[in-house]
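Analysis of the macromolecular model
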Amino acid sequence: MASMRKMFATLFIAISMFFGSLNVVLGNDFKKATEAYERGDFLTAFNYFKPLAKQGNARAQHNLGVMYIQGQGVPQDYIKAHMWYAKAAEQGNAPAQSNLGVMYFQGHGVPQDYKIAFKWFAKAAEQGHANAQNNLGVMYERGHSLPQNYIKAHMWYNVSIAEAKNKELITI
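Residues numbered from 1 in each chain as written. Predicted model: local features only at pLDDT ≥ 70, side-chain atom pairs only at ≥ 80, totals over all residues. Heavy atoms only, no water.

1. Comments concerning the overall build of the protein chain
When its secondary structure is counted, the protein chain shows eight helices and zero strands. Along its sequence from the N terminus, the protein chain presents helices and strands in the succession α-α-α-α-α-α-α-α. Counting across all 172 residues of the protein chain, residues that qualify as buried make up 35%. In the protein chain, the proportion of contacts linking residues at least 24 apart, taken out of those at least 6 apart, comes to 38%. On the protein chain, roughly 10,500 Å² of surface is accessible, and the fraction owed to carbon and sulfur atoms is 60%. (Helix = DSSP H or I, 4+ residues; strand = E, 2+ residues; numbered from the N terminus. Buried < 20%, exposed > 50% of the residue type's maximum accessible area, 1.4 Å probe, protein only. Contact = heavy atoms within 4.5 Å. Areas by Shrake-Rupley, 256 points an atom, 1.4 Å probe, with all protein chains shown as cover.)

Laid out in structure tokens, this is it:
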């Protein structure tokens, strides 16, 4: 009985160490990808982000979407950008949700659809994403797929400004 507990304890420690080291490796790869992206080495960044994205890392998926939209390190491809944004957005990644909203709002790589754009902006806005909040203000102001409502537009513009100022204060 004691040897059985010792075996399970050893197995548990080995599994914990494996997944702990895996987290460190994945974290290091994300950091390397981000550093490469920030210095303009988009091909290296892409090569680090892609395996992470395939493993389900929502931030890496979002970043691949950005790279495909911008044509950074890869040919510009709205369809692939949409695919990666959608994967990240479904996991609750607010920047991806907002960017997916922009794609539907502008009709980039997808048919223009204000209702779907509104859905994604709203999901991101609920998480405090200032750009999505601003975009909801635009939609209410212009009456895109919903009744024009200057009060809600004004509210979303103010929420967006407050959120952006709050983030600026936090980063100082």
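2. Things to note about the nonpolar core
Core analysis: the largest hydrophobic core is formed by 41 residues, its most contacted members being Phe49, Tyr85 and Phe121. Those elements that provide at least two residues to this core are α1 (2–38), α2 (42–54), α3 (58–70), α4 (78–90), α5 (94–106), α6 (114–126), α7 (130–142) and α8 (150–171). Setting aside chain neighbours within four positions, we find Tyr85 in contact with His62, Gly65, Val66, Ile69, Ala96, Asn99, Leu100 and Met103. (Core = buried A, V, L, I, M, F, W, Y, C linked by side-chain atoms within 4.5 Å.)

3. Considering α3
Because each turn of an α-helix spans 3.6 residues, side chains separated by three or four positions in sequence point in the same direction. Helix length check: α3, at 13 residues, gives a terminal C-alpha distance of 18 Å against a target of 18 Å (1.5 Å per residue), a fit within 8%. In terms of burial, α3 is a largely internal element, 11 of the 13 residues being buried. Residues Ala58, Ala60, Gln61, His62, Asn63, Leu64, Gly65, Val66, Met67, Tyr68 and Ile69 constitute the buried set of α3. Two to three positions downstream of the cap, the backbone nitrogen of Arg59 sits 3.0 Å from a side-chain oxygen, assigning the N-cap of α3 to Asn57. Of the residues one or two after α3, Gly71 is the one with positive phi, at around 70°. (Expected span 1.5 Å × (residues − 1). Polar contact = N/O pair within 3.5 Å; in protein donor to acceptor, adjacent residues only side chain to side chain.)

4. Let's talk about the pattern of salt bridges
With the rule as written, the count across this model stands at one salt bridge. One salt bridge in this structure joins Arg39 and Asp41, with 3.8 Å as the shortest N-O distance. Asp41 sits in the partly exposed class, given a relative accessible area of 27%. (Salt bridge = Lys/Arg side-chain N within 4 Å of Asp/Glu carboxyl O.)

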